[in-house]
Amino acid sequence: MPTVALSRAIHAHLETERPTIVTDRPRLYGITSDRQGNIFYAQDSDGGTGQIVRRTPSGSEQVICSGLTRPRQLSTDADGNVYAVLETRSILKWNSVTGNVQTVVNSLQIPTPSPPQGVAVAGDGRIYFSTYSETGSYGVMLQPGGVWVRETNGSITQVAGGLWRARGLAFNPNGKLYAVTEANAWDQGNSGLLVEIDPAKKTTKTLLAGIDYAQFPAVGPDGRVYVTAARDEKLVAYDPAHQFTSQVIAEPDFALSVENATWRETAAQAEIGRAHV
């Protein structure tokens, strides 16, 4: 579907079907879910009063982890355990069976001064986390962030680098890892990225550029990668298969042709415009 039509369809859907699940929850930040339909959300804090709440399908809620400072992305594994990144340089794991909370990556294990932001857990138990960027005086960026993996034996290695202002991560069932950056080193508008990472080969490929303040991605059951664009106040989606449905055009002199993540409108064999999908 072309950008304008898709935007209108999403807007109409949101205006008619936007149910509120919870209210009066200040400082909401990360969110995730498990296979049982439980929702886990984090409430931010700069002073050790942050917490993670589990909300069941019936609507009951329970604080599963408290006393947190700057919790960021949340993630779950196949067993329903919850992982939380703290910007204060640690990654916590809440055990869904025992209810115990343990530190699986501490500040001394993070090999860079850059604060961690994102977390995603592979099916084999490997824990991937992203680091933002190293910031100097007056907000000057010194070193880009990256993506790291905590192996099941506890060792930590880097799988991707050169990512300025890296935020969240998401795993695709096909084994590919997705990362987003909110902006470039200079914090310019429309400079965020969606990047595909092959953890085994340690290679990266930029899928989308020009996203404005992308935060925490998620992979849907349809295989698409959904990303929140905070400054644009949009939810955008990327289809890894680059499969688009042909559109019916009212004017006989116009046609649409798809080229990867872009669409092009043509008239009498002459290109007259291009826009991102």
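Description of the structure in this document.

Calculation notes
- Residues numbered from 1 in each chain as written.
- Predicted model: local features only at pLDDT ≥ 70, side-chain atom pairs only at ≥ 80, totals over all residues.
- Heavy atoms only, no water.
- Salt bridge = Lys/Arg side-chain N within 4 Å of Asp/Glu carboxyl O.
- Helix = DSSP H or I, 4+ residues; strand = E, 2+ residues; numbered from the N terminus.
- Buried < 20%, exposed > 50% of the residue type's maximum accessible area, 1.4 Å probe, protein only.

Further remarks concern the pattern of salt bridges. Across all of its chains, the model carries 10 salt bridges by this definition. The partner of Glu87 in a salt bridge is Arg70, with the nearest N and O atoms 3.3 Å apart. With Glu87 in the loop between strand S6 (82–86) and strand S7 (90–94) and Arg70 in the loop between strand S4 (61–68) and strand S5 (71–76), the pair connects residues that are 17 residues apart, well separated along the chain. In this structure, Glu151 engages Arg126 in a salt bridge whose closest nitrogen and oxygen atoms are separated by 2.5 Å.

Here we come to unusual backbone geometry. A positive phi angle, close to 55°, is found at Arg165, a residue other than glycine. You can see Arg165 is positioned in the loop between strand S12 (156–163) and strand S13 (166–171). Judged by relative accessible area, Arg165 falls into the buried class, the value being 8%. Positive phi is not limited to glycine here, since Asp187 has a value of about 60°. Given a relative accessible area of 27%, Asp187 falls into the partly exposed group.

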